[in-house]
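For reference, the chains in residue letters:
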Amino acid sequence: MPSLLLPLLLLPLLSQSVVAFRVPAAHPPSRPALRHTRLAAAATILPGDGDALTERGPEESTAPCTVTTTINLSKNIMCGGFLSLPAGVAYCSVAPTARTLIPASIAMVSIGALSAYCFALIGRTCALENQSTYHGAWTSTAPDGSLSGSLVKGSLLAKTGVTCLSYSMILADMVSQLSGAGRAISLLRVTSLGILPLCMLDTTKTLGALKYTSFLGLAATVYIVSFMGLRWLGGAYAAGGHFYAQLPPHLAPSFAAAAAPGLGLSMGALVLLSMLATAFMAHYNAPAFMRDATGASVETQSDGSTSLSPVGREGMRRFGKVVTASFLLAWASFALVATFGFLTFGAASAGNILTNYARNDLFARGARVALALSLLAGYPLAFTSLRDSALEMCGGEQAALSARRMSLTLLAAITAAASWLTDLGFVSAFAGALLGSAVIYLYPSIMFRRALRRQVGDGSVIKQRRLRLELVVSYMISFLGVAFMICGGGVTLFSKLGH
């Protein structure tokens, strides 16, 4: 499968990522010299161990905290999508057994490496094009008069909406299991008493109070992983275990009596790939994390437009370290959750794995409380991004007058959808196939390819071997993005209808 071969190419490219920087010149260089400088810049090694690099951008006088940015990015990745991964593992085989974890592990490594590489591509494209946003990087590389910018903006809006929808679905499940009330009633309570007041806050004034949500989210993830591992090792949910008799039949552990020939792979493996796209999704925020890691600032031009300040080589090194560390941390968490959840419940793994655990399991109650608090703390930031994007698409300044009305409308729509949709695994997989494949794989590979060709000149031959290899890889990623959208979306939909 091509998707499983790509990491062999991506790992060396990610560990020695190609970056872009601009070195201020005393005199404007000639056009050929400028192309040569930009091409050399595009071929700069990111976190390599070679000679010390002296070129610095103006942002590097005050180096940002790499650890803080890494924690923030890790939390942004681990926003709840990983809870469906045990169910995704179960989809991989026609007869799920412990051996099913072998292809699932390969898939997690592959998609994790591919997602990290594409995240880095977005930051590098922004640096090449002096753009501070995902949409800005796309429009700056798109042909004049192209309408694709609206498609990209719509995709980002839809992805943010799905993120808020997933938050509401998880909160509905957690509050229902904690209180014993019905799911719809629980959702209305948490929305009216928690989500609505928080989403009406001005996040520009409360951002300082919300900076601790990253630590809260990571602490919740560590607790969930530890609790799931403890329950699997202790056999509390195995046949004859302490909580086994308290589970309804459809949530009780279920494994095939014998493994299928070979690894017994099924087309359902595409469902796991789609879920992983949602789990690793943080790419719409890649420009913001690139600015945080490099210290670059957004500059306002005389015409009101914005651009990114020059990015130095050292800054891009830090960005590469942040991306690598954050995705490795997220991958380790995802792998443990998928492993512990699947080995505990097998084919019975629910789309939200925490719903499998007994309601009177005190450790499980703690996990639900920790996750609910983490999602409530992070909800306003995701919702504000959704609302602002919706206002921009609906009319700019005139629409800004009805921000409160827009907030109420969006929240009502999200709540209605969350009360109707109960399978987090399906939402995660279907959104990952359609939106994740576009935002993570397709768009970044296209705009990086365009940006690179723009920098060296239309029709110019790219001579650096690493850049030529990256161009080939970018075409492969674009192809995989389209294939995942079609095949992953189709298989996910048919799997849901088949159930």
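These remarks concern the structure in this document. Every value quoted in this text rests on a predicted model; they were computed, and no experiment measured them.

Cut-off values and rules
Residues numbered from 1 in each chain as written. Predicted model: local features only at pLDDT ≥ 70, side-chain atom pairs only at ≥ 80, totals over all residues. Heavy atoms only, no water. Patch = residues over 30% accessible without salt bridge, like charges linked within 9 Å, V, L, I, M, F, W, Y side chains within 5 Å. Areas by Shrake-Rupley, 256 points an atom, 1.4 Å probe, with all protein chains shown as cover. Salt bridge = Lys/Arg side-chain N within 4 Å of Asp/Glu carboxyl O. Helix = DSSP H or I, 4+ residues; strand = E, 2+ residues; numbered from the N terminus. Buried < 20%, exposed > 50% of the residue type's maximum accessible area, 1.4 Å probe, protein only. 1 Å grid on protein atoms, 1.4 Å probe; cavity = no way out; pocket = protein on both sides within 12 Å on 5 of 7 lines; lining within 4 Å. Points joined across faces, edges and corners; volume = space filled by probe spheres on them. Nonpolar A, V, L, I, M, F, W, Y, C, P; charged D, E, K, R; others polar.

Focus: a nonpolar patch on the surface
A grouping of Tyr223, Leu230, Leu362 and Phe363 is seen on the molecular surface, where their side chains present a nonpolar patch of about 390 Å² in accessible area. Structurally, Leu362 is set in helix H14 (residues 362-394). On the basis of relative accessibility, which here comes to 64%, the residue Leu362 falls in the exposed class.

Examining the pattern of salt bridges
Here the structure, examined in full by the defined rule, presents four salt bridges. The partner of Asp361 in a salt bridge is Arg231, and the shortest N-O contact between them spans 2.8 Å. With Asp361 in the loop between helix H13 (313-345) and H14 and Arg231 in helix H10 (residues 213-234), this residue pair connects regions lying 130 residues apart in the sequence. A relative accessible area of 14% means that Arg231 is categorised as buried. Between Arg317 and Glu314 there is a salt bridge, with its nearest N and O atoms 2.8 Å apart. Taken together, the residues span about one helical turn, with Arg317 and Glu314 both in helix H13 at a distance of three residues.

Digging into empty space enclosed by the protein
In total, this model carries three cavities of 30 Å³ or more according to the counting rule given. Lining of the largest cavity is provided by Cys79, Gly80, Gly81, Lys159, Val162, Thr163, Ser166, Tyr167, Ile170, Thr278, Leu424 and Ser428. Sorting the residues of the lining of the largest cavity by element identifies helix H7 (148-179) and helix H17 (424-456) as the ones contributing at least two each. The element that contributes the greatest number of residues to the lining of the largest cavity is H7, accounting for six residues. A class-by-class count of the residues in the lining of the largest cavity yields five nonpolar, six polar and one charged. Size it by volume and the second largest cavity reaches roughly 60 Å³. Forming the boundary of the second largest cavity are Lys75, Met78, Cys79, Gly80, Phe82, Gly217, Ala220, Thr221, Ile224, Leu371, Ser374 and Leu375. Listed by contribution, the elements that provide at least two residues to the lining of the second largest cavity are H10 and H14.

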